[in-house]
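Residue strings, one per chain:
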Amino acid sequence: MNSASLIRFGIKTTILDDRQDKTSTGRADGLQPKSIETLRQMRLVEPLLRQGVKVYDISFWSSTATTPLRRTGREVHYPPLVDVLEPYILLFHEGLVEEVFLDDMRARGIEVTRSSPFVSYHQGADAGTLEVVAQDLCSGKEKRLHAKYLVGTDGAHSQVRKCIRDAKAVGASSDAIWGVLDGVIDTDFPDLWSKVIVHAEESGSVLCIPRERNMTRLYIELKSECGAPVGNAEAMQDFVQARARAIMKPYSLRWESVEWFGICSVGQRVASRFTDDAQRVFIAGDASHTHSPKAAQGMNTSMHDTLNLAWKLNLAVRGLAKPELLATYEHERRKIAQDLIEFDFEHANAFHAGDAESLVRNFQTNVRFISGVGAEYNSNVLNRPTHARNAGLRPGCLLEPARATRYIDANPVNVQLDIPMLGQFRIYFFCRNIHAVLSFLSSVCSHISSGTSVLGSITSAAKSSYAMQAPVHTESREFVQPGRYTATSNIFTYALITTTPKAEFELADLPPLLQASRWTVYLDDIPHTDTRGLQCTDKWLGGLDGEEEVAIVNVRPDGYVGSIGRWKEAGDPMSAKLAATWLDEYYGGFLKA
């Protein structure tokens, strides 16, 4: 995700991989709802939807010394209290996601440098560069590269992490060993195509997950006949399959084929730091946090680690970011890692104990976080708290699903996903009656278009940068048409959401900035299609007070809300001045020309 995003933004990127080839089997296996939405916004999700298996429910089974294995409960995976467009987990092996990113990068002329493990890094000839050392496994020689930034996504035993002073993996591991099998199973077990948690009091636990191509993944707790944990030497495939049969009896299990077999142990660790002192070297994914694999969080959390970092690096490489911006990466993602570890510790313990009631309680308590929509950031320079009345949106939280009609072509759209992810901030203006607030909109738009404003000067600087480092043109861009969303700036996309009926205004009535942004003018008129039956204005803001109130929502490139402002008397010229100053102060806190 990090490399694919940077390449999409136009940043020259080299990818080192110690492996000879891409992932072909096994490893991570599921996309949560927020990750699906993110890939949808990147226009990359369709191949995965075609190939993956959608799972909507979880069933619980248990047995004791005196009672046979039986179903003890069934739960909806994502109940209605979680407001997501796609209330399921999408299951397939990690290599399919990897292939989507590889194809996208390949279309932009970038290939992975394989058989080249990272060795070390050093300060370059000047303060702004790093010298990166890698080993060429084919020739046996060292190769040296120069870079402005280095990102380590090199797993739990990260060599990049080991090179960062005082960066240590802090936490504990468990004695529990789990076998993992991907294969086609012939069985009389009735719930094979649901996500299933099975606990046999005498034999241990199994997690069953449907997979692509008629496969099922089993996570099998490995205990000896006497109930003690087994060692890695005993954990051969035949032994693991035998333990699965013992746990699942009286149901039969016969593997028609096994595509992948692995052994894993449970450990919850978070790196003591995610970056070096100079904010030139970063770690993400398993390099920065590890946990059990059974809640399908690893790949998802890692993708959002790297997305969080990628858009910030894009601005830093272009010289548009203050140091405060990169500092938010560790502040935000280390919190999410700690939240994940706390959830995972309880989840893994309940799973190990076969406590279905505790598992259900833990899942219900954490279901928003598990889905990805509940990963929330604390206040910082990007996430400015507000005391204004708002319904759903809060700084540091993701946009909720909302529906509106795109003015220019009358298409009903999901507002939060309609603007593609191009590394830009989204600035939404909300109003009820356009004609009542037109002077406000004109004054604010005129200011932010000028070279005297923070946004105007950053837009000018970004224009020069993108002229030198432009995203590569690909066939897919012909369909996305990014120029529709960067018509006025490479850094800011402006949008208008109004309840004014289409028949009552023309695009030509709007200020020039919003006329140029004609693909992001929306009519808030289809609440009946929303997940909660609400207008976007009501769902996101709790409504507007009268026809003269205007609200502005700043949304970060990763879809998180940055700040929310409201001006009740838009007819007063002072309101427009206050709004313009508010925008300059927000973006001036972490961006520079």
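To start, this report covers the structure provided alongside it. (Residues numbered from 1 in each chain as written. Predicted model: local features only at pLDDT ≥ 70, side-chain atom pairs only at ≥ 80, totals over all residues. Heavy atoms only, no water.)

## Considering the nonpolar core
Reasoning step 1: Counting residues in each nonpolar core, the largest one holds 74 residues, and the members touching the most others are Phe429, Phe492 and Tyr587.
Reasoning step 2: In terms of residue count, the dominant contributor to this core is helix H7 (residues 298–317) (seven residues).
Reasoning step 3: Excluding residues that lie within four positions of it along the chain, phenylalanine 492 makes contacts with Gln424, Phe425, Ile427, Leu455, Ile458, Thr459, Tyr485, Tyr587 and Leu591.
Reasoning step 4: Trp178, Ala296, Val360 and Val373 belong to the second largest nonpolar core, which has 35 residues in total. (Core = buried A, V, L, I, M, F, W, Y, C linked by side-chain atoms within 4.5 Å. Buried < 20%, exposed > 50% of the residue type's maximum accessible area, 1.4 Å probe, protein only. Helix = DSSP H or I, 4+ residues; strand = E, 2+ residues; numbered from the N terminus. Contact = heavy atoms within 4.5 Å.)

## A word on the side chain of aspartate 182
Reasoning step 1: Looking at the secondary structure, you find aspartate 182 in strand S10 (residues 169–187).
Reasoning step 2: With residues near it in sequence (within four places) discarded, aspartate 182 still touches Gly26, Arg211, Met215, Thr216, Arg217, Ser257, Val258, Glu259 and Trp260.

## With respect to the pattern of salt bridges
Reasoning step 1: Counting across every chain of the model gives 42 salt bridges.
Reasoning step 2: Between glutamate 86 and arginine 40 there is a salt bridge whose closest N-O contact spans 2.9 Å. Of this pair, glutamate 86 sits in the loop between strand S4 (70–76) and strand S5 (89–91) while arginine 40 sits in helix H2 (residues 33–41); the two residues are 46 residues apart in sequence, bridging distant segments of the chain.
Reasoning step 3: Between arginine 273 and aspartate 277 there is a salt bridge; the shortest N-O distance is 2.6 Å.
Reasoning step 4: Owing to a relative accessible area of 56%, aspartate 277 belongs among the exposed residues under this scheme. (Salt bridge = Lys/Arg side-chain N within 4 Å of Asp/Glu carboxyl O.)

## Description of the sheet that holds strand S2 (residues 53–55)
Reasoning step 1: Spatially, three strands are ordered S1-S5-S2 in an open sheet, and the strand pairing comes out antiparallel. Of all the strands in the sheet, the pair left with one neighbour each is strand S1 (30–31) and S2.
Reasoning step 2: Alignment of S2 against S5, held across three bridges, turns out to be antiparallel. When the sheet's bridge partners are listed, valine 55 is paired in S5 with isoleucine 89. (Pairing = 2+ DSSP bridges.)

## Things to note about the packing of helix H1 (residues 2–9) against H7
Reasoning step 1: It is at 8 Å that the axes of H1 and H7 come closest, and there the two elements cross at 30°. One element, H1, and the other, H7, form an angle in the roughly parallel class. You can see that H1 and H7 cross each other, and the crossing is right-handed. In contact with Asn2, Ser5, Leu6 and Phe9 of H1, H7 contributes Thr306, Leu307, Leu309, Ala310, Trp311, Leu313 and Asn314.
Reasoning step 2: The class makeup of the residues in the contact of H1 with H7 is seven nonpolar, four polar and no charged. (Axes fitted to C-alpha atoms, helices over the stretch in contact; angles between N-to-C directions. Parallel < 35°, antiparallel > 145°, perpendicular 65-115°, else oblique. Left-handed = near helix turned anticlockwise from the far one by under 90°. Nonpolar A, V, L, I, M, F, W, Y, C, P; charged D, E, K, R; others polar.)

## Comments concerning the sheet that holds strand S21 (residues 521–523)
Reasoning step 1: Ordered in space as S18-S17-S21-S20-S19-S22-S23, the seven strands form an open sheet in which the pairing is mixed. Every interior strand has two partners, whereas the edge strands, strand S18 (412–414) and strand S23 (561–567), have only one. Averaged over all neighbouring strand pairs, the angle between strand axes comes to 30°, with direction disregarded.
Reasoning step 2: Judged from the five bridges that link them, strand S19 (residues 425–431) and strand S22 (residues 550–555) form a sheet pairing that is antiparallel. Bridging from a neighbouring strand, tyrosine 428 pairs with valine 553 of S22.

## Here we look at the layout of surface pockets
Over the atoms, a rolled probe matching the size of one water molecule traces out where space is still vacant.
Reasoning step 1: The computed volume of the second largest pocket comes to approximately 320 Å³.
Reasoning step 2: Looking at the second largest pocket, it is lined by 21 residues, and the ones nearest its centre are Met421, Leu422, Arg477, Val480 and Pro482.
Reasoning step 3: Elements with a minimum of two residues in the lining of the second largest pocket: H1 and helix H13 (475–480).
Reasoning step 4: Ranked by residue count, the leading element in the lining of the second largest pocket is H13, at four residues.
Reasoning step 5: Along the lines of polarity and charge, the residues of the lining of the second largest pocket split into eleven nonpolar, five polar and five charged. (1 Å grid on protein atoms, 1.4 Å probe; cavity = no way out; pocket = protein on both sides within 12 Å on 5 of 7 lines; lining within 4 Å. Points joined across faces, edges and corners; volume = space filled by probe spheres on them.)

## With respect to the pairing of strand S7 (residues 130–135)
Reasoning step 1: By the bridge criterion, five bridges tie strand S6 (residues 118–123) to S7 in an arrangement that is antiparallel. When the bridges of S7 are listed, histidine 122 appears paired with glutamate 131.
Reasoning step 2: Relative to strand S8 (residues 142–147), S7 runs antiparallel, the two sharing six bridges. Note that in S8 the partner of leucine 130 across the bridge is alanine 147.
Reasoning step 3: Taking the residues between adjacent antiparallel strands as the criterion, S7 and S8 are bridged by six residues, where glycine 140 takes a positive phi near 80°.

## Some details on the packing of aromatic side chains
Reasoning step 1: A full pass over the atoms with the stated rule returns 24 aromatic pairs.
Reasoning step 2: Taking 5.4 Å as the distance between ring centres and 80° as the angle between the ring planes, the aromatic pair formed by phenylalanine 189 and tyrosine 251 counts as edge-to-face. With phenylalanine 189 in the loop between S10 and strand S11 (195–200) and tyrosine 251 in the loop between helix H6 (237–248) and strand S14 (253–271), this residue pair connects regions lying 62 residues apart in the sequence.
Reasoning step 3: Between the aromatic rings of tyrosine 407 and phenylalanine 505, the centroid separation amounts to 4.9 Å while the plane-to-plane angle is 40°, which identifies the pairing as tilted. Taken together, the positions of tyrosine 407 in the loop between strand S17 (403–406) and S18 and phenylalanine 505 in the loop between strand S20 (492–498) and helix H14 (512–516) put the pair 98 residues apart, joining distant regions of the chain.
Reasoning step 4: Taking the relative accessible area as the measure of exposure, tyrosine 407 reaches 6% and is therefore buried.
Reasoning step 5: For phenylalanine 505, a relative accessible area of 1% translates into the label buried.
Reasoning step 6: Here a set of aromatic residues connected by ring pairs shows up, and it is made of Trp311, Phe425, Phe492, Tyr494, Tyr586, Tyr587 and Phe590. (Phe/Tyr/Trp six-rings, centres within 6.5 Å; stacked < 30°, edge-to-face > 60°.)

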